[in-house]
Amino acid sequence: MPQLDTQCRFPWYGVAGCKGKDTRAMLRLTVSDAIETRSRLEQVPAWYEAVRVGYGAK
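Just so you know, the residues in each chain are numbered from 1, in the order the chain's sequence is written. Owing to the predicted nature of the model, reporting of local features is limited to residues with pLDDT of at least 70; listing and counting of side-chain atom pairs is limited to 80 or more, with chain, interface and lining totals taken over all residues. Heavy atoms from the whole structure form the basis of all side-chain values; hydrogens and water molecules are not counted.

1. A closer look at helix α1 (residues 23-41)
Piece 1. The terminal C-alpha atoms of α1, which comprises 19 residues, lie 27 Å apart, in line with the 27 Å expected from a rise of 1.5 Å per residue.
Piece 2. Listed as buried for α1 are Ala 25, Met 26 and Thr 30. Looking down the long axis of α1, one finds its buried residues gathered within 135° of arc, a one-sided arrangement. Of the exposed residues in α1, the ones pointing more than 90 degrees away from its buried face are Arg 24, Arg 28 and Arg 38.
Piece 3. Counted as a polar contact is a pair of N or O atoms within 3.5 Å, where, for protein atoms, one must be capable of donating a hydrogen and the other of accepting one, and residues adjacent in sequence contribute only when both atoms are in side chains. Helix and strand labels come from DSSP, where a helix needs a run of H or I of at least four residues and a strand needs a run of E of at least two; each type is numbered from the N terminus. Two or three places before Arg 24, at the start of α1, stands the capping residue Asp 22, its side-chain oxygen 3.1 Å from that residue's backbone nitrogen. Take the number of residues in a helix, subtract one, and multiply by 1.5 Å to get its expected span. Residue exposure (1.4 Å probe, protein chains only): buried if accessible area is under 20% of the type maximum, exposed if over 50%, otherwise partly exposed. In this description, one arc is meant: the one made by directions from the helix axis to the C-beta atoms.

Structure below.
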């Protein structure tokens, strides 16, 4: 999970350690983590296909 610092992590809304922190920084961190996660999901079909071929499935 994305963390702004040791006390402020996602989900950051309502977390006591996040009070008074820059919400724009927290939103950028959350969005960049979501973008990274989505980019990794695009690789899943190729990985699955490689496993399938490795096991000799047709």
